[in-house]
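The lines below spell out each chain.
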Amino acid sequence: MELYLDTANVAEVERLARIFPLRGVTTNPSIVAAGGQSIWDVLPRLQKAVGPEGRLFAQVMSRDAAGMVKEAQQLKECVPGIVVKIPVTSEGLAAIKQLKTLGIRTLGTAVYSAAQGLLAALAGAEYVAPYVNRVDAQGGDGIRMVQELQTLLELHAPESKVLAASFKTPRQALDCLLAGCESITLPLDVAQQFLSAPAVDSAVMKFEEDWQKAFGRLSL
């Protein structure tokens, strides 16, 4: 199972990388734009934060296949091991096919249906990113879509992986993992919610109180 953070906040990646068993970081144009830093500056810093074995994802901005391929090559020059995110449009599928022949790894992003995700995988995308919460927000069933996509990839494109994205709650992420997803990416607030458990804090405080009363210290 691969766990990613969906952010461009280098400081938060450094902080959470000490805690979480992170495989790497995913970004997108909105995330990078919110940070206000050039993508060419932030990507090397993110790569350093996740370490030499960490995996980094960044997205192209062009709308046509030729532009996507060119930008993908630029991203790879900046971070050699990067996985390039390509929106699964008609031009995006054409770009994914070309990048496969060039040896540049891709993720098909902005996936709102299982059929769309399957096409990305068949075109050569190593990862496919269904947007779970955004599908729910449009009146669909994000988890069911992920389940269908997972089954389709297992049957017809086993070399590709689902990397589920767009979460508002830890429950959505856990349901994706239960559906068989091998990879998920969490926004910072949802990642933090995985650790937010007032009952745990209360239990630890009780342990400390009992130990302090018995031994007069808070060490073994």
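What counts and what doesn't
Residues numbered from 1 in each chain as written. Predicted model: local features only at pLDDT ≥ 70, side-chain atom pairs only at ≥ 80, totals over all residues. Heavy atoms only, no water. UniProt positions renumbered as here; feature names shortened; annotations may be inferred. Salt bridge = Lys/Arg side-chain N within 4 Å of Asp/Glu carboxyl O. Helix = DSSP H or I, 4+ residues; strand = E, 2+ residues; numbered from the N terminus. Buried < 20%, exposed > 50% of the residue type's maximum accessible area, 1.4 Å probe, protein only. Pairing = 2+ DSSP bridges. Axes fitted to C-alpha atoms, helices over the stretch in contact; angles between N-to-C directions. Contact = heavy atoms within 4.5 Å.

By the naming in an unreviewed UniProt entry, the protein chain goes by Fructose-6-phosphate aldolase and is assigned to Buttiauxella gaviniae. In its Subcellular location (unreviewed entry) section, UniProt records this for the protein chain: "Cytoplasm".

Participant: Explain the pattern of salt bridges here, please?
Facilitator: When the charged atoms of two side chains with opposite charge come close together, those side chains can pair. Taken as a whole and judged by the stated rule, the model has seven salt bridges. In this structure, the salt-bridge partner of glutamate 2 is lysine 161, at a minimum N-O distance of 2.9 Å. Linking glutamate 2 in strand 1 (residues 2–6) with lysine 161 in strand 7 (residues 161–164), this pair joins segments that are 159 residues apart in sequence. Residue glutamate 2 is classed as buried on the basis of its relative accessible area of 10%. Owing to a relative accessible area of 23%, lysine 161 belongs among the partly exposed residues under this scheme.

Participant: Help me understand the sheet that holds strand 5 (residues 106–111) in this model?
Facilitator: The pairing of strands in a sheet comes from backbone hydrogen bonds and takes either a parallel or an antiparallel form. Read once around its circumference, the closed barrel built from eight strands follows the order 1-2-3-4-5-6-7-8, with strand pairing classed as parallel. Here the strands of the sheet are splayed against their neighbours by 25° on average, with no regard to which way each runs. Its contacts with the sheet place helix 5 (residues 90–101) against strand 4 (83–87) and strand 5, and it is angled at close to 155° to strand 4.

Participant: Looking at this structure, I do not really get the pairing of strand 6 (residues 127–130). What am I missing?
Facilitator: Walk down a regular strand and you will see the side chains alternate between the two sheet faces. Side chains Tyr127 and Ala129 project from strand 6 onto one buried face, and the interleaved Val128 and Pro130 project onto a second face that is buried too. By the bridge criterion, three bridges tie strand 5 to strand 6 in an arrangement that is parallel. For leucine 107, the partnering residue across the bridge sits in strand 6 and is tyrosine 127. In this structure, strand 6 lies alongside strand 7, joined through two bridges in parallel fashion.

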